[in-house]
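Chain residues, written in single-letter form:
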Amino acid sequence: MTCTVYADPAKLGFAMRKLKLVGLTGGIGSGKSVVADCIRDAGIPVLDADAIARQVVAPGLPAHAQIAEAWPEVVSGDGSIDRKKLGALVFADAEARRRLEGITHPRILAEVEAETESLAEVGHRLAFLEAALLVESGVHRRLDGLVVVSADEDTRVARVMARDACSREAALARIRAQLPLSEKVRLADRVIDNNGGLEATRAQTAEVVRHFRPGLATSSAKG
């Protein structure tokens, strides 16, 4: 299940006056996780919205109890939420998807804001928020920049097939179910072309980090 991070963007603060928070996104198979690792290697924190989504539905937490009550069939034998099964269920049912968003997204966003504030308190002045659907959710408009990781369709298909052991047709279907990558690129402040090797990606990522480092004290949200 992909974390969408939907919310009213006007209500999101993310400690923006203390810390520059930049969005990191891309399409499936574009390699944004590789770029996120490169950013971390440069000493810059990256908040992983999907990891936070897993945290907020852990057994014993309120979101877990609400999901278990709504969809008991997605609770695994060990008590954890089967996120793949839940994702398949809600993405086939718009009403169920809205219900799930109402349970999880406020908690995800609260955790993102809390982590951002904690980073600011210990002296960080730049961080990235990695999420698959930053543009679809509108959250990118409340961030201090947007970086999109791009790759051509054939490259993305090959990566998805290798990663998920699926057919070319299945990989294409997953790619084409998302917002076209070109739409995200159009809104980006910086684009990382991830068609090549790791060293080329590292070099582009280093340039992106350098771009966002200056002028931290005067950061402002995008309109």
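Scroll up to find the structure.
Presented here is an overview of the structure given in this document. (Residues numbered from 1 in each chain as written. Predicted model: local features only at pLDDT ≥ 70, side-chain atom pairs only at ≥ 80, totals over all residues. Heavy atoms only, no water.)

Following the criterion strictly, the structure yields 13 salt bridges and no others. Salt-bridge contacts for Lys32 lead to Glu130; the nearest nitrogen and oxygen are separated by 3.3 Å. Within this pair, whereas Lys32 is found in helix α1 (residues 32–41), its partner Glu130 is found in strand β3 (residues 126–130), the two being separated by 98 residues in sequence. Taking relative accessible area as the criterion, Lys32 reaches 16% and is therefore assigned buried. Note that Asp41 and Arg202 form a salt bridge whose closest N and O atoms lie 3.2 Å from each other. With Asp41 in helix α1 and Arg202 in helix α10 (residues 198–212), this pair connects stretches of sequence that are 161 residues apart. Under the relative-accessibility criterion, Arg202 is labelled partly exposed at 32%. Through salt bridges with shared partners, one network takes in Asp50, Arg54 and Arg83. (Salt bridge = Lys/Arg side-chain N within 4 Å of Asp/Glu carboxyl O. Helix = DSSP H or I, 4+ residues; strand = E, 2+ residues; numbered from the N terminus. Buried < 20%, exposed > 50% of the residue type's maximum accessible area, 1.4 Å probe, protein only.)

With that settled, consider the pairing of β3. Looking down a regular strand, the side chains alternate between one sheet face and the other. Where burial is concerned, most of β3 is hidden: 5 out of the 5 residues are buried. Of the strand pairs in this sheet, strand β1 (residues 20–26) and β3 are connected by 5 bridges, and their pairing is parallel. Looking at the pairing, Leu24 lines up with Glu130 of β3. Alignment of strand β2 (residues 46–48) against β3, held across 3 bridges, turns out to be parallel. By the bridge assignment for β3, Val46 is matched with Phe128. (Pairing = 2+ DSSP bridges.)

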